[in-house]
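Letter by letter, the chains look like this.
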Amino acid sequence: MPVPGPGYSITVRVEAPPSTTAAGDLTSAIGRAGGVITAFDVVESHADRIVVDITCNALSADHANDLAEVLGTLPGVRVRKISDRTFLVHLGGKIEVNSRVALNNRDDLSRAYTPGVARVCTAIAENPEDARRLTIKRNAVAVVTDGSAVLGLGNIGPEAALPVMEGKAALFKKFAGVNAWPVCLDTQDTEEIIRAVELIAPVYGGINLEDIAAPRCFEIEARLREKLNIPVFHDDQHGTAIVVLGALRNALRVVNKDIADCRIVVCGVGAAGSAIIRLLQHKKPADIIAVDIDGIVHTGRGDTDPNLQSIAAGTNKDGRTGTLSDAVREADVFIGVSAPNLLTADDVATMNTDSIVFALANPDPEIDPLEAQKHATIVATGRSDYPNQINNVLAFPGVFRGLLDAHAHKITDEMMIAASNAIADVVDGDRLNASFIVPSVFDSAVAPAVAEAVKKAAIASKAGDPEPNGGGSSMPWSMADDVDY
């Protein structure tokens, strides 16, 4: 199933004989070894040799090394250097800070810094809510992690998590103009994490929790929401749930089913699975069956984990027991946020007609999409090399753009449902089909649509009141809110 992709892209610089067959020999060798060439550039040409840069995609780091070794076995060919293009992208980090104001002379300095800045500080001291207008807080999000559940890598710690958090910050800026900054905490103690986020909160208009392991993440999020007057959003939970709900809405339109008639199986009851279940419950499906490593979740299992107890109490109305295979029999929808290769084509065959399979474990899904397609009408994954990619970047940039623009102090389920509807609505009726139930992550209409929907929902729920204590800005001017990003 895996195909060579840009995540394992290398550029190999080689010396080769200046023969008429040199280029063909080099490209053929890469092809035979399973690589995909994306660029072939002659960088030097001499009477006795040519120097060529060959850029190719591989399946893995080991496969990339194999491709370079294959080139070195060709007669007269010498490998000079191998460059891993992914590592090159990360040299020096992926984000930076730029000033939004000119600092060219004394007048500029007097307004941006001393003495002028003192007047702004005094205004904020008199009315702290002015910080949302007159500082970076208006457009700033902290991307907070403890490095305990990073991608599919597990507990790798704060330093190793930093490249992922940098990438998240870059996505915030690219898709929604939000200034986000990685905050990688060197602790996995719940109380220390909560206190650390409390201490840094004055700088930010929102907190995006990221890659914090369950069940600790549930308590951290819940308590921070109680303590802080800015939105707290755990993307692994709620970002995933928002996109899944939007994709499912469109998938059900394609197969002409009403969610009220559907039995939905959710495999994986960690951060993402729990949030998906709780957001789905607002749509009142016929039933939801949760499945974890121990099988179907039900009230008789004796689970001591509060999250599992809560899930059991609100799902599986018939008290079903058994394995994942038992759960999917006669189900309409399978949503997997768990582990690779748990579901088979034979399992999918037992589902109801026009079944929907969202196999979202990454990078390897719960079932090979090609196997799932033998029996399911709609198949989605978390991968970019198959149709219907369920990707959180469809949600979180627009969600925070809307929250920040509304000066929101919290995020609610109603706002998240509004975001999911906005994502679904970007795919209009003319484009909607079994292979296109969610928009591309590069669709420029997505983030603005999500932002507007969240902003409206925030204002409607009173969460967007910029003066929660009834106070007004102390500034004698009217331009504070008219800022473009």
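Note that this is a predicted model, so its numbers are computed, not measured. (Residues numbered from 1 in each chain as written. Predicted model: local features only at pLDDT ≥ 70, side-chain atom pairs only at ≥ 80, totals over all residues. Heavy atoms only, no water.)

### Examining the sheet that holds strand β7 (residues 206–209)
Then, number 1: Taken in spatial order, the 4 strands line up as β6-β5-β7-β8 in an open sheet, and their pairing is parallel. Two strands bound the open sheet, and with one partner strand each, they are β6 (179–184) and β8 (232–234). Each adjacent strand pair in this sheet contributes to an overall mean axis angle of 25°, direction not counted.
Then, number 2: Two elements, β7 and β8, share 3 bridges in a ladder whose sense is parallel. Bridge assignment links I207 to a residue of β8, and that residue is V232.
Then, number 3: Here helix α9 (residues 216–227) sits on the sheet in contact with β7 and β8, set at roughly 165° to β8. (Pairing = 2+ DSSP bridges. Helix = DSSP H or I, 4+ residues; strand = E, 2+ residues; numbered from the N terminus. Axes fitted to C-alpha atoms, helices over the stretch in contact; angles between N-to-C directions. Contact = heavy atoms within 4.5 Å.)

### Considerations on the nonpolar core
Then, number 1: The biggest cluster of nonpolar side chains holds 75 residues, and the ones touching the most others in it are L280 and F358.
Then, number 2: Looking at this core element by element, the count peaks at 10 residues for helix α10 (residues 235–255).
Then, number 3: Built from parts of two domains, this core gets at least three residues from each of domain 2 (106–230) and domain 3 (235–464).
Then, number 4: Once residues within four sequence positions are removed from consideration, F358 is found in contact with V244, A247, L248, A251, F334, I335, G336, A380 and I437.
Then, number 5: Judged by nonpolar contacts, the second largest core, of 21 residues, contains V144, V183, L185 and C217. (Core = buried A, V, L, I, M, F, W, Y, C linked by side-chain atoms within 4.5 Å. Buried < 20%, exposed > 50% of the residue type's maximum accessible area, 1.4 Å probe, protein only. Domains from an automatic or database assignment.)

### Some thoughts on the pattern of salt bridges
Then, number 1: Tallied over the full model, the rule gives 28 salt bridges.
Then, number 2: One salt bridge in this structure joins R195 and E198, with 3.8 Å as the shortest N-O distance. Of the two residues, R195 and E198 are both situated in helix α8 (residues 190–200); the distance of 3 residues between them amounts to about one turn of the helix.
Then, number 3: Here R195 falls in the partly exposed class, since its relative accessible area comes to 45%.
Then, number 4: Judged by relative accessible area, which is 24%, E198 ranks as partly exposed.
Then, number 5: Two residues, R249 and D425, come together in a salt bridge whose shortest N-O distance is 2.8 Å. Separated by 176 residues along the polypeptide, R249 in helix α10 and D425 in helix α17 (residues 413–426) bring together distant segments of the chain.
Then, number 6: Beyond isolated ion pairs, a larger network of salt bridges with shared partners links E15, E44, R78 and R80. (Salt bridge = Lys/Arg side-chain N within 4 Å of Asp/Glu carboxyl O.)

### Looking at the packing of helix α7 (residues 157–176) against helix α16 (residues 396–405)
For any two helices packed against each other, one specifies the crossing angle of their axes together with the interaxial distance.
Then, number 1: One way to put it is that α7 packs onto α16 with a least axis distance of 9 Å and a crossing angle of 65°. Judged by the angle between their axes, α7 and α16 are roughly perpendicular. Taken as a pair, α7 and α16 cross one another with a handedness that is right-handed. From α7, K168, L171, F172, F175 and A176 reach across to α16, where they touch F396, P397, G398, F400 and R401.
Then, number 2: Per-class residue counts for the contact of α7 with α16 are 7 nonpolar, 1 polar and 2 charged. (Parallel < 35°, antiparallel > 145°, perpendicular 65-115°, else oblique. Left-handed = near helix turned anticlockwise from the far one by under 90°. Nonpolar A, V, L, I, M, F, W, Y, C, P; charged D, E, K, R; others polar.)

### Examining the environment of C217
Then, number 1: If you trace the backbone, C217 turns up in helix α9.
Then, number 2: Linking C217 and Q237, residues 20 residues apart in sequence, is a C-alpha distance of 9.2 Å.
Then, number 3: Each residue touching C217, except ones within four places of it in the same chain, is listed here: I212, H234, Q237 and A271.

### Quick word on the side chain of D108
Then, number 1: Considering the arrangement of structural elements, one finds D108 in helix α4 (residues 106–112).
Then, number 2: Accessibility expressed as a relative area gives 15% for D108, which makes it buried.
Then, number 3: Apart from the residues within four sequence positions on either side, D108 is in contact with A102 and L103.

### Observations regarding the domain arrangement of the protein chain
Then, number 1: Domain boundaries assigned for the protein chain yield domain 1 (9–90), domain 2 (106–230) and domain 3 (235–464).
Then, number 2: When each unit is reduced to the centre of its C-alpha atoms, the spacing between domain 1 and domain 3 is 42 Å.

### Some remarks on unusual backbone geometry
Then, number 1: The residue after A214, namely P215, is reached through a cis peptide bond having omega 5°.
Then, number 2: By the secondary structure assignment, P215 is in the loop between β7 and α9.
Then, number 3: In this chain, N362 is followed by P363 through a cis amide linkage whose omega measures 5°.
Then, number 4: Within the secondary structure layout, P363 lies in the loop between β13 (356–359) and α15 (369–372).
Then, number 5: Phi is positive for K284, close to 55°, though the residue is something other than glycine.
Then, number 6: Mapped onto the elements, K284 comes out in the loop between α11 (271–280) and β10 (287–292).
Then, number 7: Of note, D354 is a non-glycine position whose phi angle comes to about 55°, a positive value.
Then, number 8: By the secondary structure assignment, D354 is in the loop between α14 (345–349) and β13.

### Side note on the confidence of the model for the protein chain
Then, number 1: Averaged over every residue, the pLDDT of the protein chain is 92; residues scoring 70 or more account for 95%.
Then, number 2: pLDDT under 50 marks residues 466–480. Its contacts with residues more than four places away, or in other chains, come to 22 contacts. (pLDDT = per-residue confidence, 0-100.)

### Observations regarding helix α18 (residues 446–460)
Then, number 1: Under the 1.5 Å per step criterion, the end-to-end length of α18 is 21 Å for 15 residues, consistent within 8% with the ideal 21 Å.
Then, number 2: Where α18 is buried, its residues contact α7, α16 and α17. (Expected span 1.5 Å × (residues − 1).)

### Focus: the packing of α11 against helix α12 (residues 306–314)
Then, number 1: The interhelical angle for the contact between α11 and α12, taken along N-to-C directions, is 30°, at an axis separation of 11 Å. Looking at the two axes, α11 sits roughly parallel to α12. Relative to α12, α11 is oriented so that their crossing is left-handed. Each of S274, I277 and R278 in α11 lies in contact with α12, whose residues at this interface are N307, S310 and I311.

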